[in-house]
Amino acid sequence: MSTLRSFTASSTFRTDPPLASPLAPIKAAQLCRILIVDDDGDYRCALRMHLANEGFDVVECSSGLSALEMTAAYQTASLILLDWRMTDMNGLEVLCELRRRGIATPVIFLTGFADEALEEAALAAGAADFIQKSRGLSVLGRRIKLATQSRRPSAQPPLFRLGPLRLRFDISRAFWRGSEIDLTLTEFRMISKLAFEAGHEVTYRELYDLVHGKDFVTGYNGVGHFTNMRTFIKRIRRKFQAIDPSFSCVKTREGYGYCWIDE
């Protein structure tokens, strides 16, 4: 019996072999372990089976305390999916304790409700993303795939500069005029795409592919990404303007997409 499996005697989590799936498994996920922390057993089971079908090695805990115990003993997870509201500790308390202990494993919050203040608190504490459970398992799976792919080594330099903008790719953080912007991982990828293409138009579709992966279809006739992108960009602009009210680098190209115009 492996060390990881023997640990189930003192906490509530387990690993399971990937289930049969008509979909091709995610190649990048083969060596990626996901830790699910959620006290809703039914949701946890459904998410575990979905991610296992996609080729991830899945571990699960039913409480924040058991998650802290597991990470302290082994620290083997590549990504943690953390429920916001649990009976023993809330997700934010778990995240803060992980960071206090020096555990830098990326965390994506899962929540059954939308609250911008909670999202900002999670990001300020070091979360990589904040996703509503209502988005569905297939959407969540794509966001996880993108998050885990972004952790793989690449030729991208760790720091990118463009005027007052600084992008730290080693920690997926953006800074404007020296102040950190609390962007989600998805928003960080969008700003990176716009900044790399500064002065050139980036289509709605190109940006939407950063959210759910290439060729994901949404909305009536597959054009729902127009509305989705407007919502994303509005949130991004608001976050930059909270630091700098004069921020206006992200320009709309009506009917096409957006363009970063450097100051």
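Quick caveat, the model's predicted, so the values are computed rather than measured. Throughout, residues of each chain are indexed from 1 in the direction in which the sequence is written. At least 70 in pLDDT is required for a residue's local features to be given in this predicted model, at least 80 for side-chain atom pairs to be given and counted, and no such filter applies to totals for whole chains, interfaces and linings, which use all residues. Note that the side-chain values use all heavy atoms of the structure and ignore hydrogens as well as water.

Draft legend 1. Looking closely at the overall build of the chain. Secondary structure elements follow DSSP: runs of H or I of four or more residues count as helices, runs of E of two or more count as strands, with numbering from the N terminus. Within the chain one finds nine helices and twelve strands. Residues classed as buried in the chain amount to 48% of the 263 residues present. A separation threshold of at least 6 residues defines the contact pool for the chain, and within that pool the share at least 24 residues apart is 64%. For the exposure calls, accessible area comes from a 1.4 Å probe over protein chains only, and a residue counts as buried if that area is under 20% of its type's maximum, exposed if over 50%, partly exposed in between. Any two residues whose heavy atoms approach within 4.5 Å at even a single point are treated as in contact.

Draft legend 2. Spatial organisation of the nonpolar core. We call a set of buried Ala, Val, Leu, Ile, Met, Phe, Trp, Tyr and Cys residues a nonpolar core when their side-chain atoms join them within 4.5 Å. Ranked by internal contacts, the top residues of the largest apolar core, which has 28 residues, are Ile191, Met229, Phe240 and Trp260. Within the residue set of this core, elements represented by two or more residues are strand S6 (159–162), strand S7 (165–168), strand S8 (173–176), helix H7 (185–196), helix H8 (204–212), helix H9 (225–243) and strand S12 (257–260). Among the nonpolar cores identified, the runner-up in size contains 22 residues, and Cys61, Trp84, Val94 and Val107 belong to it.

Draft legend 3. Layout of the pattern of salt bridges. By salt bridge we mean one thing: a side-chain nitrogen of Lys or Arg within 4 Å of a carboxyl oxygen of Asp or Glu. In total, this model carries 14 salt bridges according to the counting rule given. The closest approach of N and O atoms between Asp57 and Arg33, which form a salt bridge, is 2.6 Å. Note that Asp57 is positioned in strand S2 (residues 57–61) and Arg33 in strand S1 (residues 33–37), a separation of 24 residues in sequence. Among the salt bridges present, the one from Arg48 reaches Glu60, with a minimum N-O distance of 2.4 Å. Taken together, the positions of Arg48 in helix H2 (residues 41–53) and Glu60 in strand S2 put the pair twelve residues apart, joining distant regions of the chain.

Draft legend 4. Fine view of the packing of helix H3 (residues 64–73) against helix H4 (residues 91–100). H4 packs onto H3 with a crossing angle of 20° between their chain directions and a minimal axis gap of 10 Å. Taken together, H3 and H4 sit at an angle that is classed as roughly parallel. Between H3 and H4 lies a crossing of right-handed hand. Counted together, Gly64, Leu68 and Thr71 of H3 and Val94, Glu97 and Leu98 of H4 form the full contact between these two elements. Classifying every residue of the contact of H3 with H4 gives three nonpolar, two polar and one charged. Helix axes use the C-alpha atoms of the stretch in contact, all axes being lines fitted to C-alpha atoms, and the angles between their N-to-C directions lie in the range 0 to 180 degrees. These descriptions rest on fixed angle ranges, namely under 35 degrees for roughly parallel, over 145 for roughly antiparallel, 65 to 115 for roughly perpendicular, and the rest for oblique. By convention, the crossing between two helices is left-handed when the near helix turns anticlockwise from the far helix through less than a right angle, and right-handed when the turn is clockwise. The residue classification treats Ala, Val, Leu, Ile, Met, Phe, Trp, Tyr, Cys and Pro as nonpolar and Asp, Glu, Lys and Arg as charged. All others, Gly included, are polar.

Draft legend 5. Examining the environment of His200 more closely. Within the secondary structure, His200 sits in the loop between H7 and strand S10 (201–203). Sequence separation between His200 and Ile261 is 61 residues; the distance between their C-alpha atoms is 8.4 Å.

Draft legend 6. Main features of the sheet that holds strand S4 (residues 107–111). Spatially, five strands are ordered S2-S1-S3-S4-S5 in an open sheet, and the strand pairing comes out parallel. In the strand order of this sheet, the two ends are held by S2 and strand S5 (129–132), each with one partner. Between one strand axis and the next, the sheet turns by 20° as a mean value, whatever way the strands run. Alignment of S4 against S5, held across four bridges, turns out to be parallel. Looking at the pairing, Ile108 lines up with Asp129 of S5. Against the sheet, H3 engages S1, S2 and strand S3 (79–83), with an angle of about 150° to S1. Against the sheet, H4 touches S3 and S4, its axis set at about 170° to S4. Note on pairing: two strands pair once DSSP finds at least 2 bridges between them.

Draft legend 7. Layout of H4. Of the residues making up H4, those classed as buried are Gly91, Val94, Leu95, Glu97 and Leu98. Considered in projection along H4, the buried side chains sweep an arc of 165° and stay on one side of the axis. Here a polar contact is taken to be a pair of N or O atoms separated by no more than 3.5 Å, where protein atoms must pair a possible hydrogen donor with a possible acceptor and residues adjacent in sequence count only if both atoms sit in side chains. Where H4 begins, the side chain of Asn90 points an oxygen toward the backbone nitrogen of Leu92, at a separation of 3.0 Å. What the arc covers is the set of directions going from the helix axis to the C-beta atoms.

Draft legend 8. A look at the side chain of Thr186. The residue Thr186 is located in helix H7 in this model. In terms of polar contacts, Thr186 uses its side chain to reach the side chain of Asp129, at 3.4 Å.

Draft legend 9. Region of the structure containing the pairing of S12. Pairing of S10 with S12 involves three bridges; the strand directions are antiparallel. Following the sheet pairing, Val202 is matched in S12 by Tyr258. Bridge count for strand S11 (residues 250–253) against S12 is four bridges, and the pairing is antiparallel. Across the sheet, the residue bridging to Arg253 is Gly257, located in S12. Where S11 folds back onto S12 in an antiparallel hairpin, the turn is made up of three residues, including Gly255, whose phi is positive at roughly 80°.

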